[in-house]
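# Summary of structural features
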Amino acid sequence: MNKQTEEFMASKSTHLQADLRSNWHEVGKSHAHESALLHVAGEATYTDDIVELHGTLHAALGLSQKAHAKLRSIDLTKVKAAAEVVAVYTAADIPGTNDVGAIIHDDPVLADGLVQYVGQPIFIVVARSHDAARRAARLAVIEYEELPAILTPRAAHAAQSYVLPPMHLARGNPAAALSQAPHKLVGQFDVGGQEQFYLEGQISYAIPKEGRGMHVYCSTQHPSEMQHHIAHVLHVASHDVLVECRRMGGGFGGKESQSALWACAAAVAAVKLQRPVKLRADRDDDMMVTGKRHCFAYDYEVGYDDSGRILGARIEMVSRAGFSADLSGPVATRAVCHFDNAYYLSDVDIRALCGKTNTQSNTAFRGFGGPQGAIAIEYIIDEIARNLGKDALDVRRANFYGASDAEGPDARNVTHYGQKVEDNVIAALVTELEQTSEYQQRRADINAFNAANVILKKGLALTPVKFGISFNVPHLNQAGALVHVYTDGSVLVNHGGTEMGQGLNTKVAQVVAHALGLSLERVRCSATDTSKVANTSATAASTGSDLNGKAAQDAALQIRQRLSAVAAKKFACDASEVQFADGVVSAGTQSLPFDELVMQSYLQRVQLWSDGFYSTPRVHWDAKTMTGHPFFYFAYGAAVAEVVVDTLTGEWRLLRADALYDAGNSLNPAIDIGQVEGGFIQGMGWLTTEELWWNKDGKLMTHAPSTYKIPAISDCPSDFRVRLFKNSNVSDSIHRSKAVGEPPLLLPFSVFLALRDAVSSVGEHRVNPPLRAPATSEAILDAIEAVRASLN
């Protein structure tokens, strides 16, 4: 080979490598979860796995046995005398404020003179072992003076018992629209709550430090809030408290505000004894103490035309808030904002009330009120379709929001709270799913099956989802991050979000790797820590990747800009010509490895770390008028479910599920599909098998896996088809992706309504089945009996 040929081949190779680098990317790839190998090997460290320091003690909580009562006397003699017990503390022993209310100060760490639900903590027992503390906590002798208890949202509404003032949103003239509508529908509906049932229960490990310092390892979605609560309870400054969370074994909203009680109780015991104290809840205690998804009761009136288009609607929704406000206000707000789901409501009147009941204080749960708002309109549309003898899919289409680019009074693209729907893809998405799921053919097949079978009945439903992404409280839409590049070219990231199995750290690491042109294995995320990124928001509202990804990207791009300046000087080019890809930094035909550039930059005293910050633009909300632009964008999806029901027993099975979800330009398709699958099954559990039941004395009787039934692998459909819809976010989200945490939980509305469709077939679809949620076998049988009774 002559010299000229060698030069040609070298030039060709250089250009080929440059072309490959120009197409290189690290986001959009289906990387495995960053802790996947640790999970399957049992090596992932959760809070209870942290090696205990010498002298560590264990705490347990003494709980109320009455739903509503004054505490006449508390005799803790037997508790203190129990084996291995070191100390016992009551409300009087708390150094600072006895409160962990998320918004309103109405939620004591320990009850003081009054208990308001069965399971409310009254005292803390500290012992040398976990079992000893739990056994001793049962030995207290407490004298109660019982008071009347309110146990259901409808009873709270009747008694005008609320934790917050009522909310009201109105648009247009619903009274006139209802009076003039050709058809009218009046009804009631009730949907139950749901236990978060995270695999890792509530746990905190508090370690006293020098001075007034306190280091608390806590399984929490909101380290900054835990920091604030612990500081207030201990009567110290926030800088004296460090809260750390490497990972959670699930959260689902249950560790957003309610981890505070456990963190504060452990911290109080630790500061009193100046010993490390771990408080780990037993599953039964966890379920007895903590709040769940709010159950809702609805009363509605709807007017509609011959096509099923809704002309006017009025709804009153009452939630079971529990004994304190917690996050019930924001939950109700999101329920109001999601009553429309994917449908335009021209004239509407919505009232939301947070009923005060003598039960656990309900809290955040995946969807945060959105599912409770949207399920009501889906139930209503299902009724309208049956009343008109139409396929519910046709009625849904008649009510969809109009095109995003439409203008004028007939545009039908502005929500009832005043935000324009700028990225509406629901019609195209539903059409695609209708075709790929073979909906029309299966509908005909099911009609034929039901006509030929008396005992087994099949049902089919297709339901859409439009879900707003952002915190309803605008100031929470912010995040910070730190990115460190070490001289060997490895990168460490710390951000304010928390990893609970959803893959947040994986996605953030991908974003940073992409920004710096590195492979994912060169980037690692460290534990969330309030001493590194301060004043963070909860990892909630499906904003984890949007907020923290943008903040981390901001930090990484600042470092990249500094490195580009060094490379430009070396390559004698403009900094804008410098490219970072596949571990190589290049400009034209010149290149060098990333780690070499980093070392050269260090020797030139260039800063190799940076902080990053992001705040979501355009979001605003007026809580008084309940209007504004609360969401940065909307995520969309739809699902088709096919079920078969045994009309003699109420047993049923999900035969097939098809889901199509709009994740925008997905950061990690494998993780996003996994989130859709998990959200679907969890939502299905909420609407079918997961029943919370309190007895007449106000005690939660479904407080363990033996009585509370989450879906098992046998409940999953054998034919489960999940795909991502091809769509790029019109809003400037992180790499134009879309959130995937909460919206998929609304997809199994299709399962509930398919069950209703199957029950309806018992009466040849002439009667609207009064099916309540969760649609347990008992609820299904009740609905079947009601349909048969209506035919007689």
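Attention here is on the structure that accompanies the text. (Residues numbered from 1 in each chain as written. Predicted model: local features only at pLDDT ≥ 70, side-chain atom pairs only at ≥ 80, totals over all residues. Heavy atoms only, no water.)

## Describing the overall build of the protein
Each helix and strand counted, the protein has 20 helices and 29 strands in total. Radius of gyration (C-alpha) of the protein: 28 Å, near the 28 Å computed for a compact globule of 792 residues. Each principal axis of the C-alpha atoms in the protein carries an extent, and together these give about 95 × 70 × 45 Å. For the protein, buried positions account for 61% of its 792 residues. Within the protein, contacts between residues separated by at least 24 positions form 80% of all contacts whose residues are at least 6 apart in sequence. (Helix = DSSP H or I, 4+ residues; strand = E, 2+ residues; numbered from the N terminus. Rg over C-alpha atoms; globule rule 2.2 N^0.38 Å. Buried < 20%, exposed > 50% of the residue type's maximum accessible area, 1.4 Å probe, protein only. Contact = heavy atoms within 4.5 Å.)

## A short note on the sheet that holds strand β28 (residues 652–661)
Read across the open sheet, the four strands follow the order β16-β27-β28-β29; overall the sheet is mixed. Two strands in the sheet have a free side with no partner beyond their single neighbour: β16 (456–469) and β29 (719–724). Each strand axis lies, on average, 15 degrees off the axis of its neighbour in the sheet, ignoring direction. Strand direction decides the pairing type here: β28 and β29, joined by six bridges, are parallel. Looking across to β29, one finds that Y661 is bridged to L724. (Pairing = 2+ DSSP bridges. Axes fitted to C-alpha atoms, helices over the stretch in contact; angles between N-to-C directions.)

## Remarks on the pattern of salt bridges
Where charged atoms of side chains with opposite charge meet at close range, the side chains can pair. Counted under the stated rule, the structure contains 44 salt bridges. For the salt bridge of D48 with K278, the shortest nitrogen-to-oxygen distance reads 2.8 Å. Of this pair, D48 sits in the loop between α2 (36–41) and β1 (57–63) while K278 sits in strand β12 (residues 277–280), and the two are 230 residues apart along the sequence. A relative accessible area of 2% means that K278 is categorised as buried. (Salt bridge = Lys/Arg side-chain N within 4 Å of Asp/Glu carboxyl O.)

## Considerations on the layout of surface pockets
Estimated volume of the second largest pocket: approximately 650 Å³. A102, H222, E225, H475 and L476 are the residues nearest the centre of the second largest pocket, which is lined by 29 residues in total. Elements that contribute at least two residues to the lining of the second largest pocket include exactly α7 (223–234) and α10 (328–337). The dominant element in the lining of the second largest pocket, judged by the number of residues it contributes, is α7, at five residues. When its residues are assigned to classes, the lining of the second largest pocket shows 11 nonpolar, 14 polar and four charged. (1 Å grid on protein atoms, 1.4 Å probe; cavity = no way out; pocket = protein on both sides within 12 Å on 5 of 7 lines; lining within 4 Å. Points joined across faces, edges and corners; volume = space filled by probe spheres on them. Nonpolar A, V, L, I, M, F, W, Y, C, P; charged D, E, K, R; others polar.)

## Looking at helix α13 (residues 426–436)
Because an α-helix completes one turn every 3.6 residues, residues spaced three or four positions apart along the sequence face the same direction. The complete set of buried residues in α13 reads I426, L429, V430, L433 and E434. Projected onto a plane normal to the axis of α13, the buried residues spread over an arc of 135 degrees and lie on a single side. Against α12 (392–399), α14 (439–452), β16, β27 (633–646) and β28 lie the buried residues of α13. Immediately beyond the C-terminal end of α13, within one or two residues, lies E438, with a positive phi of roughly 60 degrees. (Arc of directions from axis to C-beta.)

## Points about the nonpolar core
Counting residues in hydrophobic clusters, the biggest one holds 156 residues, and the most contacted among them are F339 and F752. At 11 residues, the largest contribution of residues to this core is made by helix α16 (residues 544–571). I94, Y117, V216 and C264 belong to the second-largest nonpolar core, a separate cluster that totals 42 residues. (Core = buried A, V, L, I, M, F, W, Y, C linked by side-chain atoms within 4.5 Å.)

## A few points about the sheet that holds strand β22 (residues 584–587)
The strand order across the open sheet formed by three strands is β21-β22-β23, and the pairing between neighbours is antiparallel. Both outer strands of the open sheet, β21 (579–581) and β23 (590–593), are each paired with one neighbouring strand and no more. Across this sheet, the average inter-strand angle for adjacent strands is 25 degrees, counted without regard to direction. Lying over the sheet, α16 contacts β21, β22 and β23, oriented at roughly 130 degrees with respect to β23.

## Focus: unusual backbone geometry
Cis geometry is found at the peptide bond from A773 to P774, where omega equals 10 degrees. Counting through the fold element by element, P774 comes out in the loop between α19 (749–760) and α20 (777–791). A positive phi angle, near 60 degrees, is found at E438, a position not held by glycine. In this structure, E438 sits in the loop between α13 and α14.

## Observations concerning the state of the cysteines
Two cysteines joined by a covalent bond between their sulfur atoms form a disulfide. For the structure on display, the rule yields zero disulfides. The cysteine C264 is free of any disulfide, with C218 supplying the nearest cysteine sulfur at 8.9 Å. Its relative accessible area of 1% is what places C264 among the buried residues. Left without a disulfide partner, C295 is nearest to the cysteine sulfur of C354, which lies 12 Å away. In this structure C295 comes out as buried when scored by relative accessible area, which is 8%. (Disulfide = S-S within 2.5 Å.)

## Quick look at the pairing of strand β18 (residues 491–495)
With respect to burial, β18 is a largely interior element, five of its five residues being buried. Of the two faces of β18, the one carrying V491, V493 and H495 and the one carrying L492 and N494 are both buried. Where strand β17 (residues 478–485) lies against β18, five bridges are found, and the strand directions are antiparallel. In the sheet register, L482 faces β18, and the bridge partner there is N494. Joining the antiparallel neighbours β17 and β18 is a turn of five residues, in which G489 adopts a positive phi near 90 degrees. Pairing between β18 and strand β19 (residues 523–525): three bridges, direction parallel. When the bridges of β19 are listed, V493 appears paired with C525. For the crossover that starts at β18, traverses helix α15 (residues 504–516) and ends in the parallel β19, the hand is right-handed. (Right-handed = clockwise from strand over helix to strand, strands pointing away.)

## Thoughts on α12
With six of eight residues buried, α12 is to be regarded as a mostly interior element. Residues of α12 that are buried: A392, L393, V395, R396, A398 and N399. Where the residues of α12 are buried, they touch β14 (310–322), α11 (370–388), α13, α14, β16 and α19. By the N-cap criterion, in which a side-chain oxygen at the helix start approaches the backbone nitrogen of a residue two or three places on, α12 is capped by D391, the distance to L393 being 2.8 Å. (Polar contact = N/O pair within 3.5 Å; in protein donor to acceptor, adjacent residues only side chain to side chain.)

## Considering the side chain of R247
Its location among the elements puts R247 in the loop between β11 (241–245) and α8 (259–273). Buried R247, no salt bridge; nearest opposite-charge side chain is E34, N-O distance 4.8 Å. Here the side chain of R247 touches S35 through a polar contact of 2.8 Å, side chain to side chain. A polar side-chain atom of R247 sits 3.1 Å from the main-chain carbonyl oxygen of T45. Setting aside chain neighbours within four positions, we find R247 in contact with S35, L38, H39, A44, T45, Y46, E200 and E499. (Lys, Arg positive; Asp, Glu negative; His and termini not counted.)

## Thoughts on empty space enclosed by the protein
For the structure shown, the criterion picks out five cavities of 30 Å³ or more. Considering only enclosed or pocket space, the largest cavity measures out at about 140 Å³ in volume. It is α8 that provides the largest number of residues to the lining of the largest cavity, a total of three residues. Broken down by class, the residue content of the lining of the largest cavity amounts to seven nonpolar, five polar and two charged.

## A closer look at the environment of K624
With respect to the secondary-structure elements, K624 resides in the loop between β25 (620–622) and β26 (627–629). Taking the C-alpha atoms as reference points, K624 and Y602, 22 residues apart in sequence, are found 54 Å from one another.

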